Amino acid sequence: MKQKIALAGTPNCGKTTLWNLSTGRRGKTGNWPGVTSEKLSAALKAFPDTELIDLPGMYSLSAKSLEEASTIKFLENGEVLSLIIIVDGTKPEQGFYLALELLSLGIPAVIGINYADELRAQNVHVDTEKLCEEFGVPVFLISAKKNENTSVLISAARENISTFAEKRPPLSSEKRRAKATRLSEKYFSKRKTSPVSEFFKLIPAVIAFAALILFFVFFESVLKNNISVLFEHATALISALMNYLHAPPVLKSLISGALIPGTASAVSFIPELSVLYFAIAFLEDSGCMARFAFASDYLFKKIGLSGRSVIPLLLGFGCTVPAVYAAKSSDSETARNRTLSMLMFIPCSARLPLFLLICETFFPKFGGSAVLFFYFIIISLGAVFSLIQNRREDAPFIFELPAIRIPSVISILKTTLRRLKSFVTKAFGMVVLTSVLIWMLENFSIFLESVELKSESALYTIGSFIAPLFSPIGIPYEGAVALFCGLFAKESALFALVSLCGDVGSLFSPVSAVSFLLFFLIYSPCLACLFSIGHEFGAKKAVLLFIRQTALAYFISLFFYQFALLMENIFIR
């Protein structure tokens, strides 16, 4: 049985960075609270017989959130043989307050004061010897990001496994606070920086960030055109190869009509997602994300949410699946349910390509304005639903703001690439699989017989079956099939629609196009998201949200389409 060492500390103190470094794994890190929302566990690289556990951040043993309660229960059940308490050296008082409380549990412990590199840059001296005497446990000055003294800290924690530690009489909250303040003032030399100087040191990074975003946006169309041309050449080359090898017509059709277009469709999303993921990573690592959450708390309270909801909602613009897991950081079950409900109205990036195609086709002069208008409508609708839910007051939104830091370019690129990899591994296969499925439905009947006429295909049969349901909202059978495919992966809806009709402009009228967009933006998220909701919030919640979103999308599209037709008959005809 492996020995267990736990990492504990306040949110954003650098625990997960140390865990990644020591285990060789890749837990999520970020310069904002609530990043680690569940325990991470892996064997140490240097000591395979020892398991290192990264616990969610907490401020005290008086649990105020489900994560804190989970952490406290884990520490009290006796499984942990040694404890590494990580203290944010740039804000030591809160870390010392928690350390004093954790030491009262009687678990052998060591203390690591993180961000030694930043303390040196600020000319801050830390007297670790005196702190060691005050706490009665080994104290080390480390930098998890720069890998300074981390191996010494881990080794000390392993040696402390055999150390007997007695439970100390717990201090009152007031005495702990007074002692934490005294220790931070006595053994940390005064800093010569100010919040203003901290903010201004971000200016070079902000300028570089803005320039890089503009570069990506400017060349995004060029990249997409090159991708399109590349796959056109690939299609021609593979078709010639198939002809040379005398491949069966079915195989040629599968490759040129499904595999290549499906792959091209999935790859075409990467430029937009790269920009989105890069921007989010910069906001997280610089500390701006947490400040945005804090600043928006007042506004969000007006609709029954809190500033803690900002982070999952922003993540929802990228992908709803990680946003669902981020929603766990809310302090109570009520807040989680409200955040999840609002999240269902945040259009993920997978919906964006089809959304842009419809807007550019039917509103070429107002494409950008149309996108913003629809986003405003959908998000406002979500705010209304959040507002009319249970208005019971939650606990105040309290967390310590992380320091403003110039983000590491390598860290941002790693985060961006990790999220792109997640997209490729999850959505890429689903898009290609859907394209193959559509190809099969187009070329075979429901009895798996090869057909030449479109009217005999399984896709036409399915579309004809569900089309009457969508007729009252102005969506033809091609659009209905695309929405059906979108349940598997929202990216698949675009490929399905284009492969079925070719020219979207000939399929819809402006009114029916808006009706289709409303339904597409509101209806149920993809199956991957529903599965994640079921895993975190229960299958019943996933089913109810599926029914609610789909029914709401239908009735809003129905109302809009029928009302638009009525106005058209009155004022035009």
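Nothing here was measured: the structure is a model prediction, and the numbers come from that model. (Residues numbered from 1 in each chain as written. Predicted model: local features only at pLDDT ≥ 70, side-chain atom pairs only at ≥ 80, totals over all residues. Heavy atoms only, no water.)

Observations regarding the sheet that holds strand 4 (residues 82-88)
In sheet architecture, strand pairing relies on hydrogen bonds along the backbone and comes in two forms, parallel and antiparallel. Pairing is mixed across the open sheet formed by six strands, whose spatial order is 2-3-1-4-5-6. In this open sheet, the two edge strands, each paired with only one partner strand, are strand 2 (40-43) and strand 6 (139-141). Shown here is a sheet whose adjacent strand axes are inclined to one another by a mean of 20 degrees, direction ignored. Of the strands in this sheet, strand 1 (3-9), strand 4 and strand 5 (109-114) are in contact with helix 3 (residues 92-103), which crosses strand 4 at around 160 degrees. Contacts from helix 5 (residues 128-135) reach strand 5 and strand 6, with the element oriented near 150 degrees to strand 6. (Pairing = 2+ DSSP bridges. Helix = DSSP H or I, 4+ residues; strand = E, 2+ residues; numbered from the N terminus. Axes fitted to C-alpha atoms, helices over the stretch in contact; angles between N-to-C directions. Contact = heavy atoms within 4.5 Å.)

Looking at a nonpolar patch on the surface
On the surface, Phe559, Phe563, Leu566 and Ile570 cluster together to form a nonpolar patch covering roughly 430 Å² of accessible area. Structurally, the position occupied by Phe559 is in helix 25 (residues 539-571). The exposure class of Phe559 is exposed, given its relative accessible area of 61%. (Patch = residues over 30% accessible without salt bridge, like charges linked within 9 Å, V, L, I, M, F, W, Y side chains within 5 Å. Areas by Shrake-Rupley, 256 points an atom, 1.4 Å probe, with all protein chains shown as cover. Salt bridge = Lys/Arg side-chain N within 4 Å of Asp/Glu carboxyl O. Buried < 20%, exposed > 50% of the residue type's maximum accessible area, 1.4 Å probe, protein only.)

With respect to the pairing of strand 2
Bridge analysis of strand 2 against strand 3 (residues 50-54) gives four bridges, and the strand direction is antiparallel. Bridge assignment links Ala42 to a residue of strand 3, and that residue is Leu52. Between strand 2 and the antiparallel strand that follows it, strand 3, lie six residues.

Regarding helix 3
Taking 1.5 Å of rise per residue, the twelve residues of helix 3 would be expected to cover 16 Å, and the 16 Å separating its terminal C-alpha atoms lies within 8% of that figure. A large share of helix 3 lies buried, amounting to eleven of its twelve residues. Those residues of helix 3 that fall on the buried side of the exposure criterion are Pro92, Gln94, Gly95, Phe96, Tyr97, Leu98, Ala99, Leu100, Glu101, Leu102 and Leu103. (Expected span 1.5 Å × (residues − 1).)

Structural notes on the nonpolar core
By size, the foremost hydrophobic cluster in this structure holds 72 residues, and its most contacted members are Ile358, Phe508 and Ile533. A total of nine residues in this core trace back to one element, the largest contributor, which is helix 23 (residues 510-522). Setting aside residues up to four positions removed in sequence, Ile533 forms contacts with Val324, Leu340, Met344, Gly538, Lys541, Ala542 and Leu545. Listed in part, the 36 residues of the second largest apolar core include Val126, Phe135, Val137 and Leu183. (Core = buried A, V, L, I, M, F, W, Y, C linked by side-chain atoms within 4.5 Å.)

Examining the environment of Val481
Tracing the backbone shows Val481 in helix 21 (residues 477-486). Between the alpha carbons of Val481 and Ile462 there is a distance of 7.7 Å; along the sequence they are 19 residues apart. Ignoring sequence-local partners within four residues, the contact set of Val481 consists of Leu459, Gly463, Ile466 and Leu500.

Side note on the confidence of the model for the chain
Caution applies to low-pLDDT parts of the model: their predicted coordinates are not meant to be read in detail. Chain-level pLDDT for the chain is 76 on average; 76% of the residues reach the 70-or-more range. Below a pLDDT of 50 lies the segment residues 30-37, which in the model reaches 39 contacts outside its immediate sequence neighbourhood of four places, other chains included. (pLDDT = per-residue confidence, 0-100.)

Some remarks on the packing of aromatic side chains
Scanning the model with the defined rule gives 13 aromatic pairs in all. Plain terms: the ring middles of Phe470 and Phe519 are 5.5 Å apart, the flat faces sit at 70 degrees to each other, and that makes the pair edge-to-face. Placement of Phe470 in helix 20 (residues 458-470) and of Phe519 in helix 23 is noted, with a sequence separation of 49 residues between them. Considered together, Phe470 and Phe519 belong to a single accessibility category, that of buried residues. Taken together, a centroid distance of 6.0 Å and an interplanar angle of 90 degrees make the contact between Tyr554 and Phe555 edge-to-face. Of the aromatic side chains, those joined through ring pairs into one cluster are Phe470, Phe508, Phe516, Phe519, Phe520 and Tyr523. One Lys or Arg, Arg158, reaches over the ring of Phe47 and ends 4.0 Å from the middle of that ring. Stacked on the ring of Tyr97, the Lys or Arg Arg177 has its end atom at 4.1 Å from the ring centre. (Phe/Tyr/Trp six-rings, centres within 6.5 Å; stacked < 30°, edge-to-face > 60°. Lys NZ or Arg CZ within 6 Å of the ring centre and 35° of its normal.)

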